[in-house]
Amino acid sequence: MRSQNPRRERAVWKRSLFYLALTLLTLFFLFPIIWMAMASFKTQVDNLATPPVVLFEPTLENYRETFIRNPFPRYTWNSFVVAAASTAIGVVVGAPAAFSIARYRQRGLAVVILAARIMPAISYLLPWYILFLRLKMVGTYESLIATHLTVGLPIITWMLIGAFEELPAELEDSTLVDGGSILTVFLRVALPLSAPTIAAASIIAFIFSWNNFLFSIILAGAATRPLPVAVFNFVSYLNINVGGLAAAATVITGIPMLLALLAQRYIVSGLTMGAVKG
Amino acid sequence: MKPRLAVFLSVMMLLAVMFSSVGVSPSLAQEGEFDWRRYEGTTLRVLWPNTAWTDFILEELPAFEELTGIDVNMETFVEDQLRQKLTVELIAGSDDIDIFGSMTIQEGFKYHQAGWYTTLDDLINDPTLTNPDFDFEDFSDGAISLATVNGDLIGIPTYSDAQIMIYRPSILEAAGLEVPTTFEETEAVAAALNDPDNDFYGWINRGKGAAATSVFSSVLYGMGGAWTVDGQPAINTPEAIAAFDWWGRMLREYGPPGAVNNSWPENVQLFTSGKGALWTESGQAAATILDPEQSGVADDVSFAVVPGGKPYAYGWVMSIPPNAPNREAAWYFIQWATSKENSLKAKLLGIPAPRTSSWEDPAFTENDPHPDLTAAMRESLQLAMPYMNPHIVNVQPWRDVVGQVIVDAIEGKDIVASANAAQAQLEELLKQEQ
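**Q** A description of the nonpolar core should follow, citing residues and the corresponding values.
**A** Grouped together as the largest cluster of nonpolar side chains are 153 residues, with contacts concentrated most on Trp53(B), Phe244(B), Trp331(B) and Phe333(B). Considering every element that reaches this core, the biggest residue donor is helix α10 (residues 238–254) of chain B, with nine residues. When neighbours within four sequence positions are excluded, Phe333(B) is seen to be in contact with Leu44(B), Val46(B), Leu61(B), Phe64(B), Val72(B), Met74(B), Ile99(B) and Met318(B). Residues Val91(A), Ala95(A), Ile156(A) and Ala201(A) belong to the second largest nonpolar core, which totals 22 residues.

**Q** Can you tell me about the domain arrangement of chain B, naming the residues and giving the values?
**A** Residue and element names in this part refer to chain B. Taken domain by domain, chain B consists of domain 1 (39–160 + 315–365) and domain 2 (163–313 + 392–433). Between domain 1 and domain 2, the C-alpha centre-to-centre distance is 30 Å. Across the boundary between the two partners, domain 1 contributes nine residues, which contact seven residues of domain 2. When domain 1 packs against domain 2, close to 740 Å² is buried across both sides, 50% of that on carbon and sulfur atoms. Inspection of the region where domain 1 meets domain 2 yields zero salt bridges. Here domain 1 is connected to domain 2 by two residue pairs in polar contact (both at pLDDT 80 or more). No other element matches the five residues that helix α4 (residues 104–114) contributes to the side of domain 1 that touches domain 2. A class-by-class count of the residues in the side of domain 1 that touches domain 2 yields five nonpolar, three polar and one charged.

**Q** Quick one: what's the story with the packing of helix α8 (residues 169–177) of chain A against helix α9 (residues 182–193) of chain A, residue by residue and with numbers?
**A** All names here are of chain A. Contact geometry of α8 with α9 gives a least axis separation of 10 Å together with a crossing angle of 145 degrees. The crossing of α8 and α9 is right-handed. Between α8 and α9, the residues in contact are Leu171, Glu172, Thr175 and Leu176 and Ile182, Val185, Val189 and Leu193, respectively. Here the contact of α8 with α9 is composed, by residue class, of six nonpolar, one polar and one charged.

**Q** Outline the interface of chain B and chain A, listing residues and values.
**A** Contact residues are listed per partner, giving 35 residues for chain B and 28 residues for chain A. Buried surface at the junction of chain B and chain A, summed over both partners, amounts to about 2,700 Å²; 57% is from carbon and sulfur atoms. At the junction of chain B and chain A, the tally comes to zero salt bridges. Applying the counting rule to chain B against chain A returns six residue pairs in polar contact (both at pLDDT 80 or more). If you list the elements that add at least two residues to the side of chain B that touches chain A, you get β2 (71–77), α3 (79–91), α11 (264–272), β11 (276–282) and α12 (285–289) of chain B. In terms of residue count, the dominant contributor to the side of chain B that touches chain A is α3(B) (seven residues).

**Q** Summarise the domain arrangement of chain A; cite the residues concerned and give the values.
**A** All names here are of chain A. Parsing chain A into structural domains produces domain 1 (2–39) and domain 2 (69–272). For domain 1 versus domain 2, the distance between C-alpha centres works out to 35 Å. Counting residues at the interface gives four residues for domain 1, matched by six residues for domain 2. Among the residues domain 1 hides against domain 2, the three largest losses belong to Ile33, Met36 and Ala39. Together they make up 86% of the total. Here domain 1 and domain 2 share zero salt bridges between them. Split by residue class, the side of domain 1 that touches domain 2 holds four nonpolar, no polar and no charged.

Here is what the cut-offs are and how they apply
- Residues numbered from 1 in each chain as written.
- Chains lettered and ligands numbered in written order.
- Predicted model: local features only at pLDDT ≥ 70, side-chain atom pairs only at ≥ 80, totals over all residues.
- Heavy atoms only, no water.
- Core = buried A, V, L, I, M, F, W, Y, C linked by side-chain atoms within 4.5 Å.
- Buried < 20%, exposed > 50% of the residue type's maximum accessible area, 1.4 Å probe, protein only.
- Helix = DSSP H or I, 4+ residues; strand = E, 2+ residues; numbered from the N terminus.
- Contact = heavy atoms within 4.5 Å.
- Domains from an automatic or database assignment.
- Buried area = accessible area lost by both parts, 1.4 Å probe.
- Salt bridge = Lys/Arg side-chain N within 4 Å of Asp/Glu carboxyl O.
- Polar contact = N/O pair within 3.5 Å; in protein donor to acceptor, adjacent residues only side chain to side chain.
- Nonpolar A, V, L, I, M, F, W, Y, C, P; charged D, E, K, R; others polar.
- Axes fitted to C-alpha atoms, helices over the stretch in contact; angles between N-to-C directions.
- Left-handed = near helix turned anticlockwise from the far one by under 90°.

Written out as structure tokens, the structure reads:
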């Protein structure tokens, strides 16, 4: 009887339409990733077939090629070191900067930091290269980490400015009244309360660094070559190893995706924090 | 620098100088025999593109390190990345590159003007630095032309490839058609075999703007045209117009739909999945097409000289930049990598050799799995001309402009108007260069 309630029925309809749309949208966004993962299990003939083959005999050959015959574990480690270190330094430097900007309204400083992100990255490359050449630092982790900071640091700082500005002033004032210094406010109050945003900003900075191609190609050496540069070695004139490329790409995509899934709750709450006045 | 560190470094340098001079004397002792170990302990940095030859030489590398005691760090990149990286490093005056690769017909004039090459004559002519077995005369004239810019020998070719025509013999045979050699015959064969209703096309080639200009060069020169005449662009001459017209018509009438989006990756896919009868591409394509792992037509494909008989040649050349820290050791690596022995080994793997001896060696001729390919390649290398691109500095802008005329021709637009517009732009481009 209840189900015949027209209002309820409409609600059910609405909901199923909503989920249908959601499924279609998800499929739309996931399709390239699914396709890539499929290609990584196909042979070259299946990968080059037109029309594309949907049912095929899966092979692990591409993964063997990628991870046993090529030093991909090494490249993965390089990417990880650079992304993790540049993100960690980004948080250590960016969080106090953001706090200072938020608390003392240093708008100009904030814009200067953002400028690093607005300027086309390629304009830095030549001066950087010359600089690192003089310092004998081309091809070192240090040079890669330093340059990747220009990608991650502005993002971390700007996301944290928003988070710190959202903190109620009363919390800060009561800490100061209780005899705490401004450092106590930062370390004991502002930082713990902004943990979700810090996590979100770190993930995003990590992914930006992980995906960075331009700085890495110029500044990385044979021993520090990261994944995005290495993956292109599956391409050569008149011969593209589609399966190997897909296998490497699946792993490249997989690691940050896994990280993002683990920290998903933080990312969503961190991104919206500051957008909605509570 | 801290004083103590400075002292330490100068002592080390002194020691290094002393030891290196000690290292030279045994080489003088063994007179008559080439001393491969003269630069033992050196480490070379090589920036090199990803090619089939690269895979080969990386496999062989331990043999060189054992022979000479020189360590080689070969960093390989996809072509465009290599160009980016080289440009940044060489502009910055890096003193960290011993050897680099370039495709002279693409960037040679630019690099030469920038002073990034050194001539190698002094090394080749020095009997203490060049193994007598090296035999420079063995390199074919065509291959040497690929390593010569403005008359300077700026490197040694690692392989020399030429454009060839690739076709499906069974399909031509079934229709009772001969392999075409002229443009008219090619058009007739393409028209006869074209069957778009069954997703099969008489002619497959590049139509994607700038990417198409290199393969188009064979038609331009085959019809009597040229990129430039007396240092001026010659894109709107009657011969050039006829070439654009032919290229456009072939792809429009007998080519796959959407040909203006096709470059070599699309064409490899079309041809290996059995959708085309005739195609012209670099000889290196044969390796992919003949590999049953990668190709559905591996057992039904053959090769010939391109229609008009004016194929292009190209190849990657090993050069030493002016600031190379180990010029002599670098030369050791280059002469070993391009030696008769390695050239032949690469040839046996299907890589077109720059040395005549590799093509004539019984080890190759008696075991040649594809004599039809060899015949087509040898003839094409003889006929080939180094005009895949014009001999100018700004090759890429030039290709963009000419690529637009090719697209217009395929789309059936007014070719004369398009070519005249391109001619004006190219005249401006060359004026800026001078």
